[in-house]
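Geometric and topological summary
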Amino acid sequence: MKSLAWFLGLIAAGLVAIAVLAWPAWLLVGPAFGIPFHRVASRVAMLALLVGFVLLARHLGLADRASLGYGLPRRRFVAETTLGVVLGIATMLPVIALLFALDLREPKDLASGTALLRIALAGLGSGLVVALIEETFLRGAMYTGIARESGARAAIIATALVYAATHFIGRYRIAAADVDAGSGLDMLAGALAAFARPLGILDAFLCLAGVGVLLGLVRRYSGHIAGCIGLHAGWVGVIATVRELSVRGTGHRYEWLVSDYDGVIGWLVLAWIPVIGFALARFYARRATANAAAASVPGAADQRREPRQPL
């Protein structure tokens, strides 16, 4: 899997950039503008990943729209993304309701309608940004590169595992007074600290890996990432809204069903993934079959563009 090795190397390069370049970059802008060291370090890593991603996509022949998962016409891509958002929200709400029913989430003070709408829109907005970036990288370029070499199954599994693992590259803080030449290494060690206790993140890791497999199946059946972006954004938007409007319930017999990762995902959500996964995979598979059948009918595209006029 040469493509997988290249993408793993790109992620490693972004982490190495933190260790090597974060301190010099912070010296240039941190003290003068009061920017925290961790923020400079994260921007350095993001810039390294962006530049590396562009170069790698060109090197592997993945820089075209289809390889990145954007092969649909713009209007249809937006429609498929919107459908994905709706499905993401609809499939997430039942398990969220169960979390509240089991007192695993407890509501804060009831927000006004305007505040609730603002929180929900902010959550969905952040979800769209996160989904756009992660799906373009993972189910877009990385999936295509691996699938070309090793098939769709390998691409689904590999991208799911990478997707899960990257969520545990955590935030770490170093006070300005403590920053020195070794702070880049300290930042890197702190960011990867979660991997030193694998059992502590096992439930969340398996849950995220399950989500990654589901998104990979949607990518496989649909042939693009519009649905992946929509589903991903819908799920993240719901979770962000729930976390803003409630707190994790503690001291309950079912507390172990929720991970310490974010207070929402965990064993309970992991059990829900096969249920929605079966339904969503079947939905997108049938949708792909119907679209292929329609495209094979002579003149079908023209009929869709120009409805038959009445006699």
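For the structure, see preceding data.
Anyway, here's the lowdown on the structure attached to this text. Sequence order as written defines residue numbering, which begins from 1 separately in each chain. Reporting in this predicted model follows two pLDDT cut-offs: at least 70 for local features of residues, and 80 or more for side-chain atom pairs to be given and counted; totals over whole chains, interfaces and linings ignore these cut-offs and use all residues. Values reported for side chains reflect all heavy atoms of the structure, with hydrogen atoms and water molecules removed beforehand.

What follows deals with the overall build of the protein. Broken down by element type, the protein carries ten helices and two strands. What counts as a helix is a DSSP run of H or I of at least four residues, what counts as a strand is a run of E of at least two, and both are numbered from the N terminus. In the protein, the succession of helices and strands from N to C terminus is α-α-α-β-α-α-α-α-α-β-α-α. It is over C-alpha atoms that the radius of gyration is taken, and the globule rule equals 2.2 Å times the number of residues to the power 0.38. By the compact-globule yardstick of 19 Å for 311 residues, the protein fits well, its C-alpha radius of gyration being 22 Å. Overall, the C-alpha framework of the protein stretches about 80 × 50 × 35 Å when taken along its three principal axes. Note on classification: 1.4 Å probe, protein chains only; a residue is buried when its accessible area is under 20% of the maximum for its type, exposed when over 50%, partly exposed between these limits. By the burial criterion, 42% of the 311 residues in the protein qualify as buried. Contacts are assigned to residue pairs with any non-hydrogen atoms lying within 4.5 Å of each other. When contacts within the protein are restricted to residue pairs at least 6 apart in sequence, long-range pairs at least 24 apart make up 78% of them. With the model as given, the accessible surface of the protein reaches about 16800 Å², and the carbon-plus-sulfur share is 66%. Averaging the positions of the 28 positive and the 18 negative side-chain charges in the protein gives two centres separated by 11 Å. Each accessible area is a Shrake-Rupley result for a 1.4 Å probe, and residues are judged covered by the shown protein chains and nothing else. Charged residues are defined here as Lys and Arg on the positive side and Asp and Glu on the negative side; His and the ends of the chain fall outside this count. Where a charge lies is defined by one atom per residue type, namely NZ (Lys), CZ (Arg), CG (Asp) and CD (Glu).

The axes used here are C-alpha line fits, helices contributing only the stretch in contact, and every angle between their N-to-C directions lies in the interval 0 to 180 degrees. Relative to each other, helix α1 (residues 2-33) and helix α2 (residues 37-59) sit at 140°, their axes nearing to 7 Å. On the basis of their axis angle, the class for α1 and α2 is oblique. Between α1 and α2 lies a crossing of right-handed hand. All residues other than Ala, Val, Leu, Ile, Met, Phe, Trp, Tyr, Cys, Pro, Asp, Glu, Lys and Arg, Gly among them, are scored as polar; the first ten of these are nonpolar and the last four charged. Split into classes, the residues belonging to the contact of α1 with α2 amount to 21 nonpolar, three polar and no charged. Put simply, angles under 35 degrees are roughly parallel, angles over 145 are roughly antiparallel, angles from 65 to 115 are roughly perpendicular, and the rest are oblique. Two helices cross in a left-handed way if the nearer one is turned anticlockwise from the farther one by less than a right angle. They cross in a right-handed way if the turn is clockwise.

With that settled, the discussion passes to the packing of aromatic side chains. Here is the rule: rings of Phe, Tyr and Trp (six-membered ring for Trp) pair when centre to centre is within 6.5 Å. Planes less than 30 degrees apart are stacked, more than 60 are edge-to-face, and the remainder are tilted. The tally for this structure, following the rule as stated, stands at eight aromatic pairs. With a centroid separation of 5.2 Å and an interplanar angle of 85°, the aromatic rings of Phe 283 and Tyr 284 are classed as edge-to-face. Tyr 284 gets classed as buried once you look at its relative accessible area, which sits at 2%. Each member of the aromatic cluster is reached from another via a ring pair, and the members are Phe 168, Phe 195, Phe 205 and Tyr 261. The criterion for a charge sitting over a ring is simple: Lys NZ or Arg CZ within 6 Å of the ring centre, and within 35 degrees of the ring normal. Over the ring of Tyr 163 we find Arg 139, and its NZ or CZ is 4.8 Å from the ring centre.

Expected helix span is given by 1.5 Å per residue-to-residue step, counting one fewer step than there are residues. Given a rise of 1.5 Å per residue, 28 residues ought to cover 40 Å, and the 41 Å separating the end C-alpha atoms of helix α3 (residues 74-101) matches this to within 8%. By the largest-angle criterion, Leu 93 marks the main kink of α3, which is about 30°, and a proline, Pro 94, follows within four residues. For α3, the complete set of buried residues consists of Phe 77, Glu 80, Thr 81, Gly 84, Val 85, Leu 87, Gly 88, Thr 91, Met 92, Val 95, Ile 96 and Leu 99. In this fold, the buried residues of α3 make contact with β1 (105-107), α4 (113-150), α8 (226-245) and α9 (267-296). Phi for Asp 103, located one or two positions after α3, is positive at around 60°. The quantity called bend is, for any residue, the angle between two axes fitted respectively to the seven residues ending at it and the seven beginning at it.

On to the pattern of salt bridges, then. Salt bridges are defined by distance alone: a side-chain nitrogen of Lys or Arg within 4 Å of a carboxyl oxygen of Asp or Glu. Scanning the entire structure with this criterion turns up three salt bridges. With a closest N to O distance of 2.6 Å, Asp 260 and Arg 248 form a salt bridge. Remark: Arg 248 occurs in strand β2 (residues 246-248) and Asp 260 occurs in the loop between β2 and α9; sequence separation between them is twelve residues.

As a further point, take the environment of Arg 148. Turning to its location among the elements, Arg 148 is positioned in helix α4. Through-space distance from the C-alpha of Arg 148 to that of Ser 3 is 9.1 Å; in sequence the pair is 145 residues apart. Among all residues touching Arg 148, those that are not within four sequence positions of it are Leu 60, Gly 61, Leu 62, Asp 64 and Ser 67. In the analysis that follows, any N or O atom pair within 3.5 Å is treated as a polar contact, provided that within protein one partner can donate a hydrogen and the other can accept it, and provided that, for residues neighboring in sequence, both atoms belong to side chains. There is a polar contact of 3.1 Å between the side chain of Arg 148 and the backbone oxygen of Gly 61. There is a polar contact of 2.5 Å between the side chain of Arg 148 and the side chain of Ser 67.

It is the contact of α4 with helix α5 (residues 152-166), at a shortest axis distance of 8 Å, that shows an interaxial angle of 145°. For the element pair α4 and α5, the recorded crossing hand is right-handed. Here α4 contributes Glu 134, Leu 138, Arg 139, Met 142, Tyr 143, Ile 146, Ala 147 and Ser 150 to the contact with α5, which in turn contributes Ala 152, Ala 154, Ala 155, Ile 156, Ala 158, Thr 159, Ala 160, Val 162 and Tyr 163. The class makeup of the residues in the contact of α4 with α5 is 13 nonpolar, two polar and two charged.

For patch building, the residue pool is restricted to those with more than 30% relative accessible area and no salt bridge; the joining distance is 9 Å between like charges and 5 Å between nonpolar side chains (Val, Leu, Ile, Met, Phe, Trp, Tyr). On the surface, Leu 199, Leu 202, Leu 206, Tyr 254, Trp 256 and Trp 267 cluster together to form a nonpolar patch covering roughly 620 Å² of accessible area. By residue number, the principal contributor to the nonpolar patch is helix α7 (residues 198-222), which donates three residues. By secondary structure assignment, the location of Leu 202 is in helix α7. Overall, Leu 202 belongs to the partly exposed group, its relative accessible area being 34%.

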